[in-house]
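Here are the chains, one letter per residue:
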Amino acid sequence: MATLSMGKPQMMRRPLLGWTIHDGLVVARRNLIQTVRIPEMLFFSLVQPVIFVLLFAYVFGGAIPIPGDAGADAYRNYLMPGIFGQTVAFAAAASTVGLAEDMHKGIIDRFRALPMSPPAVLVGRTLADAVRQILVLAVLSITGFIVGWRISNGLLPAIGAYALLLLFAYTVAWIGSWIGLHMPNPETANTAGLAWLFPLTFLSNAFVPISSMPTWLQAFAAYNPVSTVVLASRELFGNPTGIQPDYWPLQHASLYTLISCAVLIAIFATLAVRKYTRTTSR
Amino acid sequence: MTRDLAVHAEGLVRTFGDVRALDGIDLTVERGQVVGLLGPNGAGKTTTVRILSTLLAPTAGRATVAGFDVVKQADEVRRSIGLTGQYAAIDEYLTGRENLRMFGGLYHLSPKYVKERSEELLDWFDLSDAADRPAKTYSGGMRRRLDLAASLVAQPSILFLDEPTTGLDPRSRLGLWDVINNLVAQGTTVLLTTQYLEEADQLAQDIVVIDQGRVIAHGTSEELKDQIGGDRIEIHVTDSSRIDDAVRAVRSVSTGEPLVEDSRVSAPVTGGSTVLVAAIRALDADGIEVSDLVLRRPTLDDVFMSLTGHAAEEATTATPPKKGRRGRGSK
Ligand SMILES: Nc1ncnc2c1ncn2[C@@H]1O[C@H](COP(=O)(O)OP(=O)(O)OP(=O)(O)O)[C@@H](O)[C@H]1O
Ligand SMILES: [Mg+2]
């Protein structure tokens, strides 16, 4: 057996933030390679929202009136940003399950024994999960286009809408990561990762106008960032928005979305990084 | 003074709720030395390694690795060590090469160095042909090798190996022993854990036997063997219901208390082959049939038996199974 070179290779020096970005990108790349290597998973993660589009557009669509817009395609145009919002919200579940699996398989242990930047595993995870949503949004947009959805407010606002949706995906990925770090095993993560997302996305304006809800629910739905990111997208895409009840977040949908994303990232990134550095993964 | 020591641990205690996984472990490993941490399931081997590799904080006690405190200078420790955990910790969907490059990048080594080093390791571990296949497709032995390769990317001077050969077939095990011996010959300090007495005997100069979170013996394999006396006689009775009679017969020729395991009785003796004759007479007088009767040097098994009062294997079944809590990379 030939001898292996043994010495002390020079480790590079850089400020901590530089390393967090560098290591975060290394981990994000790894997570994205996984996506490519399991095309089945990506395929099925796309199938569900596509089915939702078809279901709502053709089955429920006729039964849900959009106040203030009587056009024939009103519901489909109203629906698409809702589906976008719901779908990117579910990015959080991928983060939860992904982290739980990494802990379960012990690779997190190896990461934690490396001199890498502690937040990097989480930065990479959330980044990759958000980036994956670009493809998801593209497929959904094409599906929407086929069933009659149109962007009618120009390109720049549309790009703004997609950017907001991706920011929201990145935000929920942090929440999902924080949950994932608490999971005892991937099976639990599968369930817990989804449980909170159903009420969160359905208690919003994603599928039905808020004005059709009982008053006490309206308040919750109005402050739910899912509602505001969906409403902001509708405005930016030039889709029907329905008539909005009198709540500040709904009157400043884009601004409220930006603020709530910033606050949520600050809170959950802090909690998740703290949990990560303390966690004694099993 | 701890500067020259690769590992120095004093009174390590770690509790998990009511479980006292470590109950005051003292351990020193000099630079360039190979120390084997030997113990049955649940002895605290993994817990010790996890504390030394900064993955777990001790409840009490302190430890330095490469002269750095594992709690207060975790980052410096991490820069000095390589860790191969009990379960292969590689990314299944990445290829062997991608795995090595990823870990190299996370050690903050230059991309050029990481590239060259990855090729060198793939070659050395005989993984070049499989380098572009996802690790998912690797056999258990290949995974283990990739796992070990990953911990060598940064050429660590201190290596922790937690049960490196568990689950490998005899050939892969020998191959891995070769690799470890090679690393040691080049000056790497190794702390390895094992449940295999033979493995500790083969690889380690110094053996630390632990049981229930405590060090119960310490020394070279020769010293440990001497500790329980010279040669041993060992008989297997054909009819295990006569085991008590067999023990009585063996006791009449032995210098110490016989140990019983299934249909086997063993005991320390002095006097070479003359005791064999005496033993046969004693057994024959009682009409006890034996299927096997030998005189041999003590093995570490005997050491373990006489130190703990139970065989290493026995303890294995006595502890509730923890294996498989983390599937070894199965999906
Ligand atoms: N995270 C944990 N939570 C609770 N108990 C734990 C934890 N980790 C270890 N233990 C307990 O601590 C004791 C020592 O465990 P450890 O894993 O160190 O043993 P080991 O010698 O490595 O055993 P094995 O040969 O099975 O790997 C065991 O009783 C185990 O159940
Ligand atoms: Mg163990």
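Everything below is about the structure printed above this text.
My aim in this report is to walk through the structure given alongside it, one point at a time. On a predicted model such as this, the values are computed, not experimentally measured, just so you know. (Residues numbered from 1 in each chain as written. Chains lettered and ligands numbered in written order. Predicted model: local features only at pLDDT ≥ 70, side-chain atom pairs only at ≥ 80, totals over all residues. Heavy atoms only, no water.)

### Quick look at the site of ligand 1
All names here are of chain B. In the region of ligand 1, 15 residues are neighbours, and N41, G42, K45, T46 and T47 sit closest. A distance of 2.5 Å separates an oxygen atom of ligand 1 from a polar atom in the side chain of T47. Contact distances for ligand 1 include 2.8 Å between an oxygen atom and a side-chain N or O atom of Q86. Protein contacts shield 80% of the accessible area of ligand 1, which totals 630 Å² for the unbound molecule. (Near = heavy atom within 4 Å. Polar contact = N/O pair within 3.5 Å; in protein donor to acceptor, adjacent residues only side chain to side chain. Areas by Shrake-Rupley, 256 points an atom, 1.4 Å probe, with all protein chains shown as cover.)

### Focus on the coordination of the magnesium ion (ligand 2)
Residue and element names in this part refer to chain B. For the magnesium ion (ligand 2), the full set of protein donor atoms is T46 (OG1) and Q86 (OE1), and the range of their distances to it is 1.8 to 2.1 Å. Residue T46 is found in helix 1 (residues 45-52), and its partner Q86 is found in the loop between strand 6 (81-84) and helix 3 (96-106); the two are separated by 40 residues along the sequence. Residue T46 is classed as partly exposed on the basis of its relative accessible area of 25%. (Donors = N, O, S within 2.8 Å, 3.2 Å for Na, K, Ca; no water. Helix = DSSP H or I, 4+ residues; strand = E, 2+ residues; numbered from the N terminus. Buried < 20%, exposed > 50% of the residue type's maximum accessible area, 1.4 Å probe, protein only.)

### Thoughts on the interface of chain B and chain A
Counting from both sides, the interface comprises 48 residues of chain B and, opposite them, 39 residues of chain A. Approximately 4,200 Å² of surface area, both sides summed, lies buried where chain B meets chain A, with 59% of it carried by carbon and sulfur atoms. In this structure, the connection of chain B to chain A is made through 5 salt bridges. With its nearest N and O atoms 2.4 Å apart, the salt bridge here joins B:D147 to A:R110. Inspection of the chain B/chain A interface yields 12 residue pairs in polar contact (both at pLDDT 80 or more). The leading source of residues in the side of chain B that touches chain A is helix 4 (residues 111-124) of chain B, at 6 residues. Looking at side-chain class alone, the side of chain B that touches chain A contains 23 nonpolar, 13 polar and 12 charged residues. (Contact = heavy atoms within 4.5 Å. Buried area = accessible area lost by both parts, 1.4 Å probe. Salt bridge = Lys/Arg side-chain N within 4 Å of Asp/Glu carboxyl O. Nonpolar A, V, L, I, M, F, W, Y, C, P; charged D, E, K, R; others polar.)

### A closer look at unusual backbone geometry
Residues and elements named next belong to chain B. Its identity is not glycine, yet D126 carries a phi of approximately 60 degrees, on the positive side. Among the structural elements, D126 can be located in the loop between helix 4 and helix 5 (140-150). Despite not being glycine, D262 shows a phi value in the positive range, around 55 degrees. Relative to the assigned elements, D262 resides in the loop between strand 12 (259-261) and strand 13 (264-268). Relative accessible area serves as the criterion here: at 70%, D262 is assigned to the exposed category.

### Notes on the packing of aromatic side chains
Each pair of aromatic rings is reported with the distance of its centres and the angle of its planes. One pass over the structure, following the stated rule, counts 19 aromatic pairs over all chains. Relative to A:F207, the ring of A:F52 has its centre 6.2 Å away and its plane inclined at 45 degrees; by these criteria the two rings are tilted. Of this pair, A:F52 sits in helix 2 (residues 39-60) while A:F207 sits in the loop between helix 9 (197-202) and helix 10 (215-223), and the two are 155 residues apart along the sequence. Accessibility expressed as a relative area gives 16% for A:F52, which makes it buried. Their ring planes at 85 degrees and their centres at 6.3 Å tell us that A:Y170 and A:W174 sit as a pair that is edge-to-face. Here A:Y170 and its partner A:W174 are both found in helix 7 (residues 155-180), 4 residues apart, which amounts to about one turn of the helix. Across this residue pair, the class does not change: A:Y170 and A:W174 are buried. Grouping aromatic residues by their ring pairs yields a cluster made of A:F52, A:F56, A:F90, A:F198, A:F202 and A:F207. The ring of B:F103 carries the charged tip of A:R110 above its face, separated from the ring centre by 5.2 Å. Taking the ring centre of B:Y196 as reference, the NZ or CZ of B:R173 above it sits at 4.2 Å. (Phe/Tyr/Trp six-rings, centres within 6.5 Å; stacked < 30°, edge-to-face > 60°. Lys NZ or Arg CZ within 6 Å of the ring centre and 35° of its normal.)

### Some words on the side chain of A:R125
Residue and element names in this part refer to chain A. Relative to the elements of secondary structure, R125 occurs in helix 6 (residues 120-147). Relative accessible area serves as the criterion here: at 5%, R125 is assigned to the buried category. Non-local contacts of R125, meaning those with residues more than four positions away in its chain, are made with V27, R30, N31, A94, S95, G98, L99, D102 and S177.

### A word on a nonpolar patch on the surface
All names here are of chain A. Taken together, the side chains of Y223, W248, L255, I259, V263, I267 and L271 define a hydrophobic patch exposed on the protein surface, amounting to about 620 Å² of accessible area. The element that contributes the greatest number of residues to the nonpolar patch is helix 13 (residues 253-278), accounting for 5 residues. By secondary structure assignment, the location of Y223 is in helix 10. (Patch = residues over 30% accessible without salt bridge, like charges linked within 9 Å, V, L, I, M, F, W, Y side chains within 5 Å.)

### Considerations on the nonpolar core
Core analysis: the biggest nonpolar cluster contains 83 residues, and A:F111, A:W174 and B:F125 have the highest contact counts within it. For this core, the leading source of residues is helix 6 (residues 170-185) of chain B, giving 6 residues. In this structure, A:F111 is in contact with A:R30, A:M116, A:V121, A:Y276, B:M102, B:F103 and B:L106, ignoring residues within four places of it in sequence. A:L46, A:L217, A:A221 and A:F237 belong to the second-largest nonpolar core, a separate cluster that totals 51 residues. (Core = buried A, V, L, I, M, F, W, Y, C linked by side-chain atoms within 4.5 Å.)

### Section: helix 2 of chain A
The terminal C-alpha atoms of helix 2 of chain A, which comprises 22 residues, lie 31 Å apart, in line with the 32 Å expected from a rise of 1.5 Å per residue. Packed against the buried residues of helix 2 of chain A are helix 1 (16-37), helix 3 (74-89), helix 6 and helix 9 of chain A. (Expected span 1.5 Å × (residues − 1).)

### Some details on the environment of B:D211
Along the chain, B:D211 turns up in strand 9 (residues 206-211). Sequence spacing of B:D211 and B:G44 is 167 residues, and the spatial spacing of their C-alpha atoms is 7.3 Å.

### Here's the deal with the pairing of strand 10 (residues 214-219) of chain B
Residue and element names in this part refer to chain B. The sheet contact formed by strand 9 and strand 10 spans 5 bridges and is antiparallel. The partner of V209 across the bridge, within strand 10, is A217. Counting the residues in the hairpin turn of strand 9 and strand 10 gives 2 residues, including Q212, whose phi is positive at 50 degrees. (Pairing = 2+ DSSP bridges.)

### Description of the sheet that holds strand 12 of chain B
All names here are of chain B. Judged by pairing direction, the sheet is antiparallel, and its 4 strands sit side by side in the order 12-13-11-14 without closing on themselves. Only two strands of the sheet have a single partner each, and these edge strands are strand 12 and strand 14 (290-296). Between one strand axis and the next, the sheet turns through 15 degrees on average, direction left out of account. Relative to strand 13, strand 12 is paired through 3 bridges, and the arrangement is antiparallel. Bridge pairing links V260 to V265 in strand 13. Across the sheet, helix 9 (residues 243-251) is in contact with strand 11 (232-237), strand 12 and strand 13; its angle to strand 13 comes to roughly 15 degrees. Sitting on the sheet, helix 10 (residues 273-285) touches strand 11 and strand 14, and the angle it makes with strand 14 is about 155 degrees. (Axes fitted to C-alpha atoms, helices over the stretch in contact; angles between N-to-C directions.)

### Here we look at helix 4 of chain B
All names here are of chain B. Between its first and last C-alpha atoms helix 4 spans 20 Å; for 14 residues at 1.5 Å apiece the expected length is 20 Å, and the two agree. Every buried residue belonging to helix 4 is among Y113, V114, R117, S118, L121, L122 and W124, and all of these are buried. Projected down its long axis, helix 4 shows its buried positions confined to an angular sector of 160 degrees, all on one face. Set apart from the buried face of helix 4 by more than 90 degrees, the exposed residues are K112 and D123. Phi turns positive, to about 60 degrees, at D126, one or two residues after helix 4. (Arc of directions from axis to C-beta.)

Purely geometric stuff here, so don't read any function into it on its own.
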